[in-house]
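# Topology and contacts: notes
As a plain string of letters, each chain reads:
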Amino acid sequence: MRGGEVGLMHISISFKTLKAPHLYRTSLQTLGKHLELAVIFRGTMADASFQQVFLEAHNAYRAKHSTPPMTLNSELSATAQKWADHLLANMTMMHSETKDGENIFNKSSSATLNLTGKEAVDSWYSEIKDYNWSSPGFTGNTGHFTQVVWKDSTELGVGMATNGNTVFVVGQYRPAGNISNEGYFEKNVLPLDEGGEVGLMHISISFKTLKAPHLYRTSLQTLGKHLELAVIFRGTMADASFQQVFLEAHNAYRAKHSTPPMTLNSELSATAQKWADHLLANMTMMHSETKDGENIFNKSSSATLNLTGKEAVDSWYSEIKDYNWSSPGFTGNTGHFTQVVWKDSTELGVGMATNGNTVFVVGQYRPAGNISNEGYFEKNVLPLG
């Protein structure tokens, strides 16, 4: 190496190899000289598992208050992660300047901390013990709790940063909670649902136990009375595994065309899921009124269907055999394929609804593909690389 004894040395150390990953000092023998290196581990982030546990913990507590569940928003998670990184870097506890709602959790220990995503939510919700139900409103020692269960908040994001012994968790919420306008707390912070004799009965039946899961009738003995219940199985939804396989199938095909990968967008997945539910409920095949791109897949069988997320994408991509590369453009029998590989589409969402024997899969894309302006297909539907 010319110009100096040591110009730049880049060292990557796996988190799993460090018992105290926040700061490691080592001495290296290089060209006969000792270099003293400080290797700083910036901290893990809120991965998909952490985000899912964080979301489920919120929705479990919200259900106790008869409050609708929230969905993950990737934009909120990105800003929450950025702020968590900032807090760890500065070892400070303060709110960001976001206009969305925000909860912050901090914990330090001499032992290595391994949080799952639930601990922060449990801590925030524990403030319920101090909430004054007879005089609803915001207080400094209950604001985390009221944001967790705030009814009008429909989306959340999460960021987590740790150096091993100190952790910061940032939750961000949209629309923001803790609005002090008259009547807002009464409307959004609902009391625990303790019910009456039988206020609400929630029945979960494993999909695997049902041979005909779309409709089940049963009789329950409750408080000495028989209740005849019609239990409707609405259909499984596109869970995290299904979404990931769906995304990976898209990106594998896009790579064949030298096209950048897409990322999941939770807002698109929520609207795609809603439309998939609608199609199953009405047993019809039609597009929604979304302004985003949209692909729909449908399959029926006398046998139980168990889709992974790849089948729909494979079906859509198979239309490549009919695409006319010498005359690029939209046609009805290749539009699913062209949307899958459309270069300018950077985000996608997916919904899946099934009754066991019929399944609908809805993919939504942003920005939308299949734009017929001059030159758009040439630019966005690239040949196999």
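Residues numbered from 1 in each chain as written. Predicted model: local features only at pLDDT ≥ 70, side-chain atom pairs only at ≥ 80, totals over all residues. Heavy atoms only, no water.

### Focus on the overall build of the chain
Note the threshold: The helix and strand labels rest on DSSP assignments: H or I over at least four residues marks a helix, E over at least two residues marks a strand, and numbering proceeds from the N terminus. Buried residues are those whose accessible area, probed at 1.4 Å on protein chains only, stays under 20% of the maximum for their type, while exposed residues exceed 50% and partly exposed ones sit between those limits. Residue contacts are counted whenever heavy atoms from the two residues lie within 4.5 Å of one another. Per-residue and other accessible areas follow the Shrake-Rupley method at a 1.4 Å probe size, with only the shown protein chains counted as cover for residues.
Within the chain, the secondary structure is distributed over 10 helices and 12 strands. Scored against the burial criterion, the 385 residues of the chain give a buried share of 42%. Excluding contacts between residues fewer than 6 apart, the proportion of contacts in the chain whose partners are at least 24 apart in sequence is 70%. Surface summary for the chain: the accessible area is close to 21,300 Å², and the carbon and sulfur share equals 54%.

### Quick notes on the side chain of N355
To keep things clear, this is the line we draw: A 3.5 Å cut-off defines polar contacts: any pair of N or O atoms within that distance qualifies, except that in protein one atom must be a possible hydrogen donor and the other a possible acceptor, and neighbouring residues in sequence count only when both atoms are side-chain atoms.
Residue placement: N355 occurs in the loop between β11 (347–354) and β12 (358–366). Of the polar contacts made by the side chain of N355, one reaches the backbone nitrogen of T358; its length is 2.9 Å.

### A look at the sheet that holds strand β5 (residues 155–162)
Rules: Two strands are counted as paired when DSSP detects at least two bridges linking them. Simply put, an axis is a line fit to the C-alpha atoms, just over the touching stretch for a helix, and the angle between two N-to-C directions goes from 0 to 180 degrees.
Taken together, the four strands give an open sheet; going across it, the order is β3-β5-β6-β4, and neighbouring strands pair in mixed fashion. With partners counted over all chains shown, the strands left at the sheet margins are β3 (71–72) and β4 (101–108), one partner each. Relative to strand β6 (residues 166–174), β5 runs antiparallel, the two being bridged by eight bridges. For T162, the partnering residue across the bridge sits in β6 and is V167. Sheet strands touched by helix α1 (residues 48–63): β3, β5 and β6. Its angle to β5, the strand with the most contacts, is close to 130°. Here helix α3 (residues 118–125) sits on the sheet and contacts β4 and β6; the angle it forms with β4, its principal contact strand, is near 110°.

### Regarding the packing of aromatic side chains
Here is the rule: In this scheme Phe, Tyr and Trp rings, the latter by its six-membered ring, pair at centre separations within 6.5 Å, and the angle between planes marks the pair as stacked below 30 degrees, edge-to-face above 60, and tilted otherwise.
If you walk through the whole model with that rule in mind, you get 14 aromatic pairs. On the basis of an interplanar angle of 75° and a centroid distance of 5.4 Å, the ring pair of Y125 and F145 is categorised as edge-to-face. Of the two residues, Y125 is situated in helix α3 and F145 in helix α4 (residues 143–149); the sequence distance between them amounts to 20 residues. A ring pair is formed by Y253 and Y317, whose centres lie 3.9 Å apart and whose planes are at 10°; its orientation type is stacked.

### Looking at the confidence of the model for the chain
We apply this condition: The predictor's confidence in any single residue is recorded as pLDDT, a number from 0 to 100.
Averaged over all residues, the pLDDT of the chain equals 81, while 77% of them reach at least 70. Note that residues 1–43 has pLDDT below 50 and, in this model, 54 contacts with residues that lie over four places away or in other chains. For the stretch residues 195–235, pLDDT sits under 50, and the model shows 55 contacts to residues farther than four places along the chain or on other chains.

### As for the environment of R62
Take R62: it is sitting in helix α1. Residue R62 is classed as buried on the basis of its relative accessible area of 0%. Separated by 88 residues in sequence, R62 and W150 place their C-alpha atoms 8.2 Å apart. Among the polar contacts listed, one links the side chain of R62 to the backbone oxygen of V148, at a separation of 3.0 Å.

### A word on unusual backbone geometry
With omega at -10°, the peptide bond leading from R174 into P175 counts as cis. Relative to the helices and strands, P175 is located in the loop between β6 and α5 (184–188). Cis rather than trans, the peptide bond between R366 and P367 has omega equal to -10°. If you check the backbone angles, S66 has positive phi at about 55° while not being a glycine. Mapped onto the secondary structure, S66 falls in the loop between α1 and β3. Residue S66 is classed as partly exposed on the basis of its relative accessible area, which comes to 42%.

### Topic: the pairing of β12
Most of β12 sits inside the fold, with eight of its nine residues counted as buried. The sheet contact formed by strand β10 (residues 293–300) and β12 spans eight bridges and is antiparallel. Across the sheet, residue S300 finds its bridge partner in β12, namely T358. Where β11 meets β12, eight bridges bridge the pair, whose relative direction is antiparallel. Of the residues in β12, the one forming a bridge with A353 is F360. Between β11 and the antiparallel strand that follows it, β12, lie three residues; G356 among them carries a positive phi value of about 105°.

### What to know about the environment of M94
Note that M94 resides in the loop between α2 (74–90) and β4. Sequence separation between M94 and I104 is 10 residues, and the spatial gap between their C-alpha atoms is 8.0 Å. Every residue in contact with M94, bar those within four places of it in the chain, is listed here: W83, L87 and I104.

### A short note on helix α7 (residues 266–282)
Defined as follows: Given a helix with a known number of residues, its expected span is that number minus one, times 1.5 Å.
The terminal C-alpha atoms of α7, which comprises 17 residues, lie 24 Å apart, in line with the 24 Å expected from a rise of 1.5 Å per residue. Taken residue by residue, α7 has S266, L268, S269, A272, Q273, W275, A276, D277, L279 and L280 as its buried positions. Positive phi appears at M283, one or two residues downstream of α7, with a value of about 45°.

### Quick look at the packing of α1 against α3
Cut-off, in case you're wondering: Roughly parallel here means an angle under 35 degrees, roughly antiparallel means over 145, roughly perpendicular means 65 to 115, and every remaining angle is called oblique. Helix crossings are classified by the rotation of the near helix relative to the far one: an anticlockwise turn of less than a right angle makes the crossing left-handed, while a clockwise turn makes it right-handed.
α3 packs onto α1 with a crossing angle of 30° between their chain directions and a minimal axis gap of 8 Å. With respect to their mutual orientation, α1 and α3 come out roughly parallel. The crossing of α1 and α3 is right-handed. Across the interface between the two elements, V53, F54, A57, H58 and Y61 of α1 pack against K118, V121, D122, W124 and Y125 of α3.

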